[in-house]
Amino acid sequence: MEHLQQFITIKDPDFNGEFSTVQMLYGAEGNRVYLLGLGEEKDAVKVDEAFRKLSFDHKKYWKAPVQVVTADLSEAELQKAIIGLEMSAYEIGTFKSKKEETKAITFEMVSDKDITATLQEAQAIAETINRIKTLVDAPANQKTPKFLGQWAEDSAKASDYKCTVLHEKELKAQGFHAVMAVGQGSVNPPVVIVTEYMPKKDSAVDIGLVGKGITFDTGGLSIKPSTNLHYMKSDMGGAAVVLGVVELVAKLKLNVNIVGVVASAENAVDSNSYRPGDVIDSYSGKTIEIIDTDAEGRLVLADGLSYIIKAFQPKQVIDLATLTGSVVQTLGYTAAGMFTNNTEMSQELSKIGVDTNERVWPLPLFTDYEADLHSDIADLRNYSGKPVAGAITAAKFLEAFTDGHKAWVHLDIAGVSFGDSPYSKMKSASGYGVQLITNYIKEFAGN
Ligand code: BES
Ligand code: ZN
Ligand code: ZN
């Protein structure tokens, strides 16, 4: 509660003095709770977190409806406050046979201004984040590539955008060889999901998003150690951001043409699995020597990137992926690794990341690293074999499939997409990226 006491002043209507702690309020039966904005020492970035924690910790004591007096909050702070309150409703125990008793809390936002639009927008954002978390936290036996495809189709119907799911036959016919190679060891066949939200008719695609959708990453034949292997159900965190952003942008009816591509496969161990030493083809036509089957994310993304650039020619391309352990070694759980040669996009994403508390930090794409991708027998290899600069060489690999696109950004979100949280005892989805990319798209729409 420490930081909350610092930020929030709370009043009880039947009490004249100010309470200094939240707890004191609940002794009195039948009182409504008034939140009177934030104190002097407010840290705008954490307003959502403060309200989320407040509601999460105390909702069991609250008697609906709870009134939130918003006079002291700026519009941006109000939006964050609502997002925080909505996010406290996220239920992680989806699969418990006996559900904990939960009651819905109604919040009444009290304001002398018309805050309807802010309210609706914040609710759409939080709802989408909660949906994305459910997806990332879902177990891999339920969350197959086909399941992700169905999720996208349902979302497209509900939020009025276009979705096409390419299954095995189409993937083979269209030449998604790298996606097929990664998925060939699994009984759950791979898919590529293509979502399109194009409100500006007959005009170019503004932003193309590509997400890594590995529904479970065993490492393949280059098998991972078993400790914490269960968390590899979250290796579709990048795909979840892409699906969430397209849904949200459609819900908010932003005037931007966007395409989202998810390359999804299960990286499994089987007699049909692709092998270290194999040479595979790719959508781009470049051949790849497989050194390590655990470097599978860059393979599916390679096809996703080549495809989106060839088929849609987006003005800008952003890919998101839980791509490397190396980025976690480098930046920990604090920021995503950002790779781009486009200074404008880099600056914009850095700024928005601070605002939404979904930070990114630049790492280089120097040509020196290209030597690490050399293969004697194929156009390139998928791993240098050296345990150095892993996040960078992975990014360099992806760059080889962007056809020299001048406005491409790769975000390695392995450290930030899934992790420790005050709201669960085990690691869980963070929702990282949905607001970062949506706000970036909003800025794009404004320009
Ligand atoms: N999915 C992993 C990366 C990862 C690690 C995500 C930890 C989240 C938490 C990725 O496919 C992987 O295994 N990368 C390897 C690449 C290596 C074999 C070149 C890695 O980073 O160790
Ligand atoms: Zn892997
Ligand atoms: Zn992976």
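Q: Whenever I open this one, the overall build of the protein chain confuses me. Can you help?
A: Check the secondary structure of the protein chain and you find 13 helices and 17 strands. The proportion of buried residues among the 447 residues of the protein chain is 56%. Considering only intrachain contacts with a sequence separation of at least 6, the fraction spanning at least 24 residues in the protein chain is 78%. By element, 50% of the accessible surface of the protein chain is carried by carbon and sulfur atoms, the whole surface being about 19800 Å².

Q: Would you take a moment to explain the site of ligand 1 for this structure?
A: What surrounds ligand 1 is a group of 17 residues, the closest being Asp217, Lys224, Asp294, Glu296 and Gly325. Coverage of ligand 1 by the protein chains reaches 78% of its 520 Å² of free accessible surface. Counting only elements with at least two residues in the shell around ligand 1, the list comes to β7 (207-217) and α10 (325-331). By residue class, the composition of the shell around ligand 1 is five nonpolar, four polar and eight charged.

Q: Could you clarify how one ought to interpret the coordination of the zinc ion (ligand 2) in this entry?
A: Perfect tetrahedral coordination of a metal by four donors corresponds to 109.5 degrees between them, and perfect octahedral coordination by six donors corresponds to 90 or 180 degrees. All of the protein donors around the zinc ion (ligand 2) are Asp217 (OD), Asp294 (O), Asp294 (OD) and Glu296 (OE); their distances to the metal are 1.9 to 2.2 Å. Coordination at the zinc ion (ligand 2) comes from six donor atoms whose angles at the metal span 70 to 166 degrees, giving a geometry best classed as irregular. Look at where the donors of the zinc ion (ligand 2) fall in the sequence and you get D-x76-D-x1-E. Between the two metal centres, the zinc ion (ligand 2) and the zinc ion (ligand 3), the spacing is 3.2 Å, with Asp217 acting as a shared donor.

Q: Hey, could you run me through the packing of aromatic side chains in this one?
A: This structure, assessed with the given rule, holds eight aromatic pairs. Note on Phe176 and Tyr283: the rings are 4.8 Å apart at their centroids and 45 degrees apart in plane angle, and the pair reads as tilted. Linking Phe176 in the loop between α6 (168-174) and α7 (177-183) with Tyr283 in the loop between β9 (279-280) and β10 (288-289), this pair joins segments that are 107 residues apart in sequence. The same class applies to Phe176 as to Tyr283, namely buried. Put simply, the rings of Phe176, Tyr283, Tyr307 and Phe312 pair up and form one aromatic cluster. Geometry around Tyr423 places Arg52 over its ring, the cationic atom sitting 3.6 Å from the centre.

Q: Mind showing me how you'd approach helix α9 (residues 297-312) here?
A: Given 3.6 residues to a turn, an α-helix orients residues that are three or four positions apart in the same direction. Taking 1.5 Å of rise per residue, the 16 residues of α9 would be expected to cover 22 Å, and the 22 Å separating its terminal C-alpha atoms lies within 8% of that figure. Counting buried positions over the 16 residues of α9 gives 14, a clear majority of the element. At the C-terminal side of α9, Gln313 shows a positive phi close to 40 degrees.

Q: Teacher, can you tell me more about the side chain of Thr393 here?
A: Within the secondary structure, Thr393 sits in helix α12 (residues 390-399). Beyond its immediate sequence surroundings of up to four residues, Thr393 is in contact with Tyr369, Asp372 and Leu373.

Q: In this structure, what is going on with the packing of helix α8 (residues 237-251) against helix α13 (residues 434-446)? I would like to understand it.
A: Angle between the axes and distance between the axes are the two parameters that describe a pair of packed helices. At a minimum axis separation of 9 Å, α8 and α13 run at an interaxial angle of 45 degrees. Judged by the inter-axis angle, α8 sits oblique to α13. Our pair here, α8 against α13, has a crossing hand that is right-handed. Only Val434, Ile437, Thr438 and Ile441 of α13 make contact with α8, whose side of the interface consists of Val241, Val245, Leu248 and Val249. Taken together, the residues of the contact of α8 with α13 sort by class into seven nonpolar, one polar and no charged.

Q: Just to check I follow, could you spell out the coordination of the zinc ion (ligand 3) for this structure?
A: For the zinc ion (ligand 3), the full set of protein donor atoms is Lys212 (NZ), Asp217 (OD), Asp235 (OD) and Glu296 (OE), at a range of 2.0 to 2.4 Å. One can describe the site at the zinc ion (ligand 3) as octahedral: its six donor atoms subtend angles covering 77 to 173 degrees at the metal. Sequence spacing among the residues donating to the zinc ion (ligand 3) works out to K-x4-D-x17-D-x60-E. Classification of Asp217 as buried rests on a relative accessible area of 2%.

Q: What am I meant to see in a nonpolar patch on the surface here?
A: On the surface, a cluster of nonpolar side chains totalling about 260 Å² of accessible area is made up of Leu221, Ile223 and Val269. Position of Leu221 relative to the elements: it lies in the loop between β7 and α8. Residue classification places Leu221 among the partly exposed positions, given a relative accessible area of 38%.

Q: Before we go on, may I ask you to explain helix α3 (residues 75-87) in this structure?
A: Its 13 residues place the ends of α3 18 Å apart at the C-alpha level, agreeing with the 18 Å of an ideal helix rising 1.5 Å per residue. Where burial is concerned, most of α3 is hidden: 10 out of the 13 residues are buried. If you check which residues of α3 are buried, you get Glu77, Leu78, Gln79, Lys80, Ala81, Ile82, Ile83, Gly84, Leu85 and Met87. The secondary structure elements touched by the buried residues of α3 are α2 (47-58), β3 (66-69), β4 (107-110), α4 (116-137), α11 (343-356) and α13.

Q: How should the nonpolar core be read in this particular structure?
A: Soluble globular proteins tend to pack their nonpolar side chains together in the buried interior. In this structure, Ile193, Ile318, Leu411, Ile437 and Ile441 are the most contacted members of the largest nonpolar core, which totals 70 residues. With 49 residues, the next largest nonpolar core counts Val179, Val182, Phe312 and Ala394 among its residues.

Q: Please explain the side chain of Asp278 as it appears in this structure.
A: Here Asp278 lies in the loop between β8 (258-267) and β9. For Asp278, the contacting residues outside a window of four places in its chain are Ile288, Glu289 and Ile290.

Q: Hey, could you run me through the environment of Tyr333 in this one?
A: Inspection of the secondary structure assignment puts Tyr333 in the loop between α10 and β12 (336-340). A C-alpha to C-alpha distance of 9.1 Å links Tyr333 and Asp420, two positions 87 residues apart in sequence.

Q: How should I be thinking about the pairing of strand β16 (residues 418-421) in this particular structure?
A: Along any regular strand, the residues point their side chains to alternate faces of the sheet. Bridge analysis of β16 against strand β17 (residues 424-429) gives three bridges, and the strand direction is antiparallel. Within β17, the residue paired with Gly419 across the bridge is Ser428. Linking β16 to β17, which pair antiparallel, is a turn of two residues.

Q: For this particular structure, what's the right way to read the pattern of salt bridges?
A: Pairing of side chains with opposite charge becomes possible as their charged atoms draw close. As enumerated under the stated definition, the model contains 19 salt bridges in all. Residue Lys396 is joined to Glu399 by a salt bridge in which the shortest nitrogen-to-oxygen separation is 2.7 Å. With a gap of three residues between them, Lys396 and Glu399 both fall in helix α12, about one helical turn apart. Taken individually, Lys396 and Glu399 each receive the classification buried, so the pair is uniform in this respect. Put simply, Glu127, Arg131, Glu247 and Lys251 are held in one network by salt bridges that share partners.

About the cut-offs
- Residue indices begin from 1 for each chain and proceed along its sequence in written order.
- Numbering of ligands from 1 and lettering of chains from A proceed in the order in which they are written.
- pLDDT decides what is reported in this predicted model: residues at 70 or higher carry local features, side-chain atom pairs at 80 or more are listed and counted, and totals for whole chains, interfaces and linings draw on all residues regardless.
- Water and hydrogen atoms were dropped before computing side-chain values, which therefore reflect all heavy atoms in the structure.
- Strands are runs of DSSP state E lasting at least two residues, helices are runs of H or I lasting at least four, and both sets are numbered from the N terminus onward.
- Buried means the residue's accessible area, taken with a 1.4 Å probe over protein chains only, is under 20% of the maximum for its type, while exposed means over 50%, and partly exposed covers the values in between.
- Here a residue-residue contact requires only that any non-hydrogen atoms of the pair lie within 4.5 Å.
- Computed with a 1.4 Å probe, the accessible areas rest on the Shrake-Rupley method; for each residue, only the protein chains presented here act as cover.
- Nearness is judged by heavy atoms alone; a residue qualifies as near a molecule or strand once a single heavy atom is within 4 Å of it.
- By the convention adopted, Pro, Cys, Tyr, Trp, Phe, Met, Ile, Leu, Val and Ala count as nonpolar, Lys, Arg, Asp and Glu as charged, and the other residues, Gly among them, as polar.
- The donor set covers N, O and S atoms within 2.8 Å of the metal, switching to 3.2 Å for Na, K and Ca, and it leaves out water, so a site may look short of donors.
- Tetrahedral means four donors with every angle between 85 and 135 degrees, whereas square planar (four donors) and octahedral (six donors) require angles over 155 degrees between opposite donors and between 65 and 115 for all others; sites fitting neither are termed irregular.
- Centre distance within 6.5 Å is the pairing criterion for rings of Phe, Tyr and Trp, where only the six-membered ring of Trp is used; planes under 30 degrees apart are then read as stacked, over 60 as edge-to-face, and the remainder as tilted.
- Charge-over-ring placement is defined geometrically: NZ (Lys) or CZ (Arg) within 6 Å of the ring centre, and within 35 degrees of the ring normal.
- Expected span of a helix: the number of residues minus one, times 1.5 Å.
- For helices, the fitted line uses only the C-alpha atoms of the stretch in contact; every axis is such a line through C-alpha atoms, and the angle between N-to-C directions lies from 0 to 180 degrees.
- For classification, angles of less than 35 degrees are called roughly parallel, those exceeding 145 degrees roughly antiparallel, those between 65 and 115 degrees roughly perpendicular, and all remaining angles oblique.
- In this scheme the handedness of a crossing depends on how the near helix is turned from the far one: anticlockwise by less than a right angle means left-handed, clockwise means right-handed.
- Patch definition: residues with relative accessible area over 30% and no salt bridge; like charges joined within 9 Å; nonpolar side chains (Val, Leu, Ile, Met, Phe, Trp, Tyr) joined within 5 Å.
- Salt bridges, as used here, are contacts in which a Lys or Arg side-chain nitrogen is within 4 Å of a carboxyl oxygen on Asp or Glu.
- Nonpolar cores are built from buried Ala, Val, Leu, Ile, Met, Phe, Trp, Tyr and Cys residues. Side-chain atoms within 4.5 Å join them into one set.
- At least two DSSP bridges between two strands are required for those strands to pair.

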